[in-house]
Amino acid sequence: MQATVNYNRPVIYFLLLWTVLNVLQAGTLEIHADEAYYWMYSRFLDWGYYDHPPMVALFIKAGYSLIHNEFGLRLFTVLSSSVSLYLIWLMLKKYQVNAKAFILVIPGIFVFHIYGFTTTPDAPLLLFTTLFFFFYQRYAERDSWPLALILALVVAGLLYSKYHGILVVGFTLLSNLKLLKRPSFWGIVVLAVAFYTPHILWQINHDYPSIKYHLSERSAETYDFSYSYLYPLGQLVMAGPLIGWFLFYKSFTVRIKDTFMRTLLVNSIGILLFFFLTSFKGEVQLHWTLIVYVPLAMLVLIHFAQSGWPAWFSRLAIVNIVLIVTLRLLIVWGPSFMMEVGAIRSFFGFKDWAKTVHDKAGDNYVIFSEGFQNPSKYNFYNNTVKGLNYDTRYYRRTQYDIWPIDDSIQHKKAYLVAEGPIPGITTDTIKTPVGYWYSCWVNNVRTYQKIDFKPLAYKVTASPGQKLTFDLSFKNTYSFPINFGNTPDESPVYFEACFFENSSDLVNTQKADDSFYHIALQPGQTTQYKFTLTAPAKKGRYDLLFSLRTEPFAGGRNSGIINFTVK
């Protein structure tokens, strides 16, 4: 018993230091833009959101209800990070992993540091990934209905955290197809789907926004070779800037001795390969592979238990840890040279910025042009939901297009804030700790962010200058009647077809005919409109979308992207 206590003690001490470091950053750094966006999730709790499932909202709601500041928002991330690492340790004890090796490897994995204090969907994803392997290790050895019930809950938790969680489940099954013969396995499937049904219904009721975004709108139309060759380099950094290469080598050369180890290896290879193949469709963000580092870290440590590690690795691992911890402490300190990095600069100055903007706007609604980041930070630091993101035709849709803020702002006075001056529109300049911002008052807001035009097809081919008619259906999703007619006492509305090259360069705009402006709809009413347009004269590939524009705004994103080819 005493030997076990001594065996665990170094790991416990390490986890205490790990928690202290995470508490330091969680309690001193300002809110990150993404975290502020997910804080907004927690103000509108639901079974789903445009970008992600809802678990991150629950993490934030639980912590923020206890402590109303940045640390409260990050509280459950700090706790879950330490719990996750301890669960990894418990799984490894079966393989006689050395505590020293654990302390050299785990804090050297850079991506674990990022989600030790930052609250995004990856924070609960890390916890539920670790919980999945923890209980699966036992279930692989012993068929048990109580374990099956727990695993069903954990699988649902994985999917409620981030859609990537399905990869862990899929590759685990691939590594052990004998599971298909267990009745309890099918019980896991049925129960997990039942637990996940509320989110599925949310997707159906909102016309599958997350599926459309992740599988279509987020993909790059033009492939860039850098997406693929930078992917493995980025993963080496995520694994540890100095030791990543060695960890990958050791994890893939370990001797597989049981079903659980095979599961770890198949997950490691399968997930990395999946995202590499994804890079041929669009850019893969470095942190998307977070789930792979749980099985990969365990494989490395099991390999060390099997055959030891070279003396030089201890020295290199210590330098690797010192380098990462130094970077984290520098971020807390915030010296001027660190402010040159945009990702770090986002943690500083926006608290005062939000107060400065609020001093100008008072208790009125504030509209930010493009991007969910700024309205979310404004809302967080002013404890309000009166900041609105206006998603322009040049940006993308966000959860702000679903929330009822857009409904509440109609025909009210609002303050428009932009990062750059808008000629002929912005009349005021605001000096803030994060630079100058430009603004103006809009006396009678008229926007149509929630109107979505649906064409019959999203891939179209035409000849140069060819005339085409798009049969568009759309629904009034507002809780009040809408009228596209233009009267002298409000801003005129323009319905336009917009052709883009290279996803963001607007090259051609065509207006609807006058018949559109006679359309009026009651709440929930659906109608159709035939939009006749002319294909661009230049051959090539375009993105076509339909946009409702009202002054002084740039025009919304009121349809999905139509892949338009002129040949």
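Here the structure is shown first, and the text comes after it.
Asks: Any details on the sheet that holds strand β2 (residues 387-390)? Residues and values, ideally.
Replies: Taken together, the five strands give an open sheet; going across it, the order is β2-β1-β3-β5-β4, and neighbouring strands pair in mixed fashion. The open sheet is flanked by β2 and β4 (428-432), the only strands paired with a single partner. Averaged over all pairs of adjacent strands, the angle between their axes in this sheet comes to 30°, without regard to strand direction. Along the sheet, helix α18 (residues 350-361) makes contact with β1 (365-369), β3 (414-418), β4 and β5 (435-442), crossing β4 at roughly 150°.

Asks: For the side chain of D452, give the residues involved together with the corresponding values.
Replies: Assignment of secondary structure puts D452 in the loop between β5 and β6 (459-462). In terms of polar contacts, D452 uses its side chain to reach the side chain of R397, at 2.6 Å. One polar contact links D452 to K454, side chain to side chain, over a distance of 3.2 Å. What D452 contacts, discounting residues up to four positions off in sequence, is D207, R397, S473, F474, N558, S559 and G560.

Asks: Account for the pattern of salt bridges, with residues named and values stated.
Replies: Under the defined criterion, the tally for this structure stands at 18 salt bridges. Linking K360 and D428 is a salt bridge whose minimum nitrogen-to-oxygen distance equals 3.3 Å. Here K360, found in helix α18, pairs with D428, found in strand β4; they are 68 residues apart in sequence, far enough to count as distant. A relative accessible area of 25% places D428 in the partly exposed class. With its nearest N and O atoms 3.6 Å apart, the salt bridge here joins E496 to K511. Placement of the pair is E496 in strand β9 (residues 493-501) and K511 in strand β10 (residues 505-511), with a sequence separation of 15 residues. Taking relative accessible area as the criterion, E496 reaches 2% and is therefore assigned buried. Taking the relative accessible area as the measure of exposure, K511 reaches 49% and is therefore partly exposed. Three or more residues joined by partner-sharing salt bridges are found here, namely D207, K212, R397, D452 and K454.

Criteria and thresholds
Residues numbered from 1 in each chain as written. Predicted model: local features only at pLDDT ≥ 70, side-chain atom pairs only at ≥ 80, totals over all residues. Heavy atoms only, no water. Pairing = 2+ DSSP bridges. Helix = DSSP H or I, 4+ residues; strand = E, 2+ residues; numbered from the N terminus. Axes fitted to C-alpha atoms, helices over the stretch in contact; angles between N-to-C directions. Contact = heavy atoms within 4.5 Å. Polar contact = N/O pair within 3.5 Å; in protein donor to acceptor, adjacent residues only side chain to side chain. Salt bridge = Lys/Arg side-chain N within 4 Å of Asp/Glu carboxyl O. Buried < 20%, exposed > 50% of the residue type's maximum accessible area, 1.4 Å probe, protein only.

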